[in-house]
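What follows is the residue order along each chain.
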Amino acid sequence: MQHQLLSVLIVLTVYAASLGAANVHGICTPQDLKGLTGFKAGIRLDTSGRLEKWVGLKCCEWEGISCDNATGRVTEIRLPGFISTSDYVYQSEIKGWLSPSITLLSSLEVIDLGGLMNLAGTIPPSIGFCLQKLRKVYLYGNQISGMLPESIGKLWQLEELLLYENKLSGSLPPSLGNLRNLNAMIMYSNQFSGTVPDSFTNLTGLVHLDLHNNSFIGAIPEKIGQLHNMKELDLSNNFLGGRIPLSITNLTAISVLYLDTNNLEGEILSPSRLDQMPSLSFLRLHNNQLTGEISPNFANLISLQRVSLAHNRLKGSIPSSLGALSALTELYLDDNHLSGTIPESMGKLSQLLILSISNNMIRGPLPQEMSSLFNLQIINLSFNQFNFSSIPQWLLRLPSLSQIYMAGCGIQGEIPESLKIMPSPIQELDLSGNHLTGNLPSWLGTLTQLYLLNLSRNSLVADVPESITKLNALGVLDLHSNKLTGNVGQVFKMEQRFPQGPLTYIDLSDNRFTEGIEQIGIGAECGVQSLNLSCNFLSGRLPTTIKMCSSLKSLDLSNNSLGFNLPDALANLSSLEVLKLQRNRFTGSIPEGFLKLSKLRDLNLSNNLLVGQIPTGKPLANFPESSFSGNTGLCGKPLNPCKR
């Protein structure tokens, strides 16, 4: 008996010594080796070449693997998609499946497989039972699908759960509320649905919760104010409804709060004391159904820097107390039902960079005190009830102002010459929907940093000046619905700073232009994506050089007097989605090449002089009779059959 006991002790001693040797030499325990080789077996492609080095038994020496020095057990798998060295940074790719064998690594503390792009599969249902030492799970930026397993609520040591930008779906398990050590739960851009579990209010250690861009419904948990450590909360771009919980003002550490683009109702935040949300800097509540007035108490949010309350149903006036928000840099109040005047206190916002209050019912005049907004770069006053007779001169003297949006403000007279001597070169100018008269001034060509020019829906007359060709930074030109005449060709002769230029959008429709169609495709407009010359008096032949406009997605030449055959060159516009040529005098047949316009979704060739059979096949077969009607010589589906 003693002899047998001695033998057992010797065996145990030898085994213990072998384990110690294994720990020293990095040899895997059988269980860990099985888990890692099973994971590797699920991968078909690894562009980083890391997994091909996983050979032999010394897994603790494999790239991306860390082990506990005392036990030899695997504690970390770190194979992130972004690889950074002293020489370069690149994103690697892994194709394959997340093998459930990963759950054999029972001492695992960190899984970092983030940003591998094509890693698919599901999160193993047993993860919470098998990997109870997990502290960090990074599976973001992959193709992981399925539901989040209920057992994940047993990962009591979990500190960070990053699952964003995957294809996860279903409801979130209430068991997530058990993860008391969790400080970051980031799961945006998935396909989650259902409600945000009330159990989340138990996560008192949570610092960062981001669930934006999913399909959550229901109300925000009423007791969310219990999360006193929360600094960043993003529930935007969901379908959440109900009121914003009153308790939310108890989030004393909150710095970032994004609840925009939901179906929230009721009133906006109105903290009654300065010690409520004292650190809140970034607040987005836009694109909801919020009602009521902006309370004077809103100014108790003393740290606010960027605020968006746009696209709601807010009413009443802008409270003068907002002038106390000395840190404010951006204020968006667009598309509400606000009335009254802009308070004089707005001039105290010395840090303000952006003021946008378009589409309200605010009256003039602008307070002279706003002339002290020396840092203001962008102002949007469009579509209110200001009824300016002219742009206030002090506004055009603001030293940092570079973007002015004053559409539908009742501005009269000629385009003010003071625009050309603004202290900061104008980059975007929208004076559309006013009562501007006179010519397009020749000094427009001096605005060489201008990117957007919208003077549409005014009463401007005469030709487009030749100086417009000097606008080599112009990307958007909208002059539609004026009384402009002469040649459209100047627009297609603009000097550009680089090939194809920035110019992507041109709308000269509903004017009185008569010539210049032959210039399309000759100048630097070849980067144009949308071109609208409809409702003019243009005549002549559509040039074959239009094929040079290979980026065109929308082309509208309708309601002119263009004639001759449709050029085969139109078939080269492979990006074309909208083609409107109705009410012209085009003759001949529809080119067979039109069948190559695979992205075409809107076509109108009606009321021309086209003849022959409509080419058979898609995309032409997708369009109704109205797309071809009014061409008496045209036949074939969807029109009457051609006569033999």
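Here the structure is a predicted model, which is why all the values come from computation and not from measurement.

(A) Representation of the overall build of the protein chain. A count of helices and strands for the protein chain gives 3 helices and 43 strands. Taking the principal axes of its C-alpha atoms as reference, the protein chain extends roughly 115 × 75 × 50 Å. When the 644 residues of the protein chain are sorted by exposure, 55% land in the buried category. Considering only intrachain contacts with a sequence separation of at least 6, the fraction spanning at least 24 residues in the protein chain is 56%. When the accessible surface of the protein chain is summed, it comes to about 27,800 Å², and 51% of that surface belongs to carbon and sulfur atoms. Side chains of the protein chain carry 46 positive and 49 negative charges; the gap between the two charge centres is 5 Å.

(B) Main features of the confidence of the model for the protein chain. Per-chain confidence: the protein chain averages 93 in pLDDT, with 95% of residues scoring 70 or above. The low-confidence segment residues 4-23, where pLDDT is below 50, has 5 contacts with residues more than four positions distant or belonging to other chains.

(C) Examining the side chain of Ser 456 more closely. Tracing the backbone through its elements, the reader meets Ser 456 in the loop between β29 (452-454) and β30 (459-462). Looking at Ser 456, the relative accessible area reads 1%, which means it is buried. For Ser 456, the side chain forms a polar contact with the side chain of Asn 454, separated by 2.7 Å. Sequence-distant contacts of Ser 456, that is, excluding residues within four places in its chain, are made with Ser 432, Gly 433, Asp 478, Leu 479, His 480, Ser 481 and Asn 482.

(D) Quick peek at the state of the cysteines. In total, this model carries 3 disulfides according to the counting rule given. Disulfide partner of Cys 60: Cys 67, at an S-S distance of 2.0 Å. Taking the torsion about the S-S bond as the criterion, the Cys 60 to Cys 67 disulfide, at about -95 degrees, is left-handed. Across a sulfur-sulfur distance of 1.9 Å, Cys 635 and Cys 642 are joined as a disulfide pair. Measuring the twist about the S-S bond at about 95 degrees, one finds the Cys 635-Cys 642 disulfide to be right-handed.

(E) Expanded view of the sheet that holds strand β10 (residues 145-146). Sheet architecture is open: 3 strands sit in the order β10-β12-β14, paired in parallel fashion. A single partner strand is all that each edge strand has here, and the edge strands are β10 and β14 (191-193). Note: β10 against strand β12 (residues 167-171), 2 bridges, orientation parallel. In the strand pairing of β12, Gly 146 is matched with Leu 168.

(F) Structural view of the UniProt feature "domain: Disease resistance R13L4/SHOC-2-like LRR" (unreviewed entry) in the protein chain. As recorded in UniProt, the feature "domain: Disease resistance R13L4/SHOC-2-like LRR" (unreviewed entry) lies at residues 273-489. The span residues 273-489 shows a helical share of 0% and a strand share of 23%, and its end C-alpha atoms are spaced 62 Å apart.

(G) Region of interest: unusual backbone geometry. In this structure, Pro 619 follows Lys 618 across a cis peptide bond, with omega equal to 10 degrees. In this structure, Pro 638 follows Lys 637 across a cis peptide bond, with omega equal to 10 degrees. Look at Arg 583: it is not a glycine, yet its phi comes out positive at around 60 degrees. Note that Arg 583 resides in the loop between β39 (578-580) and β40 (585-588).

(H) The arrangement of the environment of Arg 243 in detail. Relative to the helices and strands, Arg 243 resides in the loop between β16 (232-234) and β17 (256-258). For Arg 243, a relative accessible area of 58% translates into the label exposed. Distance from Arg 243 to Glu 267, taken between C-alpha atoms, is 7.5 Å for residues 24 residues apart in sequence. The contact partners of Arg 243, leaving out residues within four places of it in the chain, are Glu 265, Gly 266 and Glu 267.

(I) Layout of the pairing of strand β3 (residues 74-78). Among the 5 residues in β3, 4 count as buried, and that is most of the element. Where strand β2 (residues 65-67) folds back on β3, the antiparallel hairpin that results is connected by 6 residues, among which Gly 72 adopts a positive phi of roughly 75 degrees. As paired strands, β3 and strand β7 (residues 110-112) are joined by 3 bridges and run parallel to one another. Within the sheet, the bridge partner assigned to Ile 77 lies in β7 and is Ile 111.

(J) Examining the sheet that holds strand β42 (residues 609-613) more closely. With parallel pairing, 5 strands are arranged side by side in an open sheet as β36-β38-β40-β42-β43. Only two strands of the sheet have a single partner each, and these edge strands are β36 (539-541) and β43 (633-635). Within the sheet, the average angular offset between the axes of one strand and its neighbour, ignoring direction, is 25 degrees. Pairing of strand β38 (residues 561-565) with β40 involves 3 bridges; the strand directions are parallel.

(K) Just the packing of aromatic side chains, in detail. Scanning all chains against the criterion turns up 6 aromatic pairs. Centre to centre, the rings of Phe 39 and Trp 54 are 6.1 Å apart; their planes meet at 40 degrees, and the pair counts as tilted. Here Trp 54 lies in the loop between β1 (43-46) and β2 and Phe 39 lies in helix α2 (residues 30-41), a separation of 15 residues in the sequence. A relative accessible area of 1% places Phe 39 in the buried class.

(L) Seen up close, the environment of Ser 432. Within the fold, Ser 432 resides in the loop between β27 (428-430) and β28 (435-439). Of the residues examined, Ser 432 reaches a relative accessible area of 2% and is grouped as buried. Sequence-wise, Ser 432 and Tyr 164 are 268 residues apart; in three dimensions their C-alpha atoms are separated by 42 Å. Every residue in contact with Ser 432, bar those within four places of it in the chain, is listed here: Met 406, Ala 407, Gly 408, Asn 454, Leu 455, Ser 456, Arg 457 and Asn 458.

The rules behind each value
Residues numbered from 1 in each chain as written. Predicted model: local features only at pLDDT ≥ 70, side-chain atom pairs only at ≥ 80, totals over all residues. Heavy atoms only, no water. Helix = DSSP H or I, 4+ residues; strand = E, 2+ residues; numbered from the N terminus. Buried < 20%, exposed > 50% of the residue type's maximum accessible area, 1.4 Å probe, protein only. Contact = heavy atoms within 4.5 Å. Areas by Shrake-Rupley, 256 points an atom, 1.4 Å probe, with all protein chains shown as cover. Lys, Arg positive; Asp, Glu negative; His and termini not counted. Charge placed at Lys NZ, Arg CZ, Asp CG, Glu CD. pLDDT = per-residue confidence, 0-100. Polar contact = N/O pair within 3.5 Å; in protein donor to acceptor, adjacent residues only side chain to side chain. Disulfide = S-S within 2.5 Å. Pairing = 2+ DSSP bridges. UniProt positions renumbered as here; feature names shortened; annotations may be inferred. Axes fitted to C-alpha atoms, helices over the stretch in contact; angles between N-to-C directions. Phe/Tyr/Trp six-rings, centres within 6.5 Å; stacked < 30°, edge-to-face > 60°.

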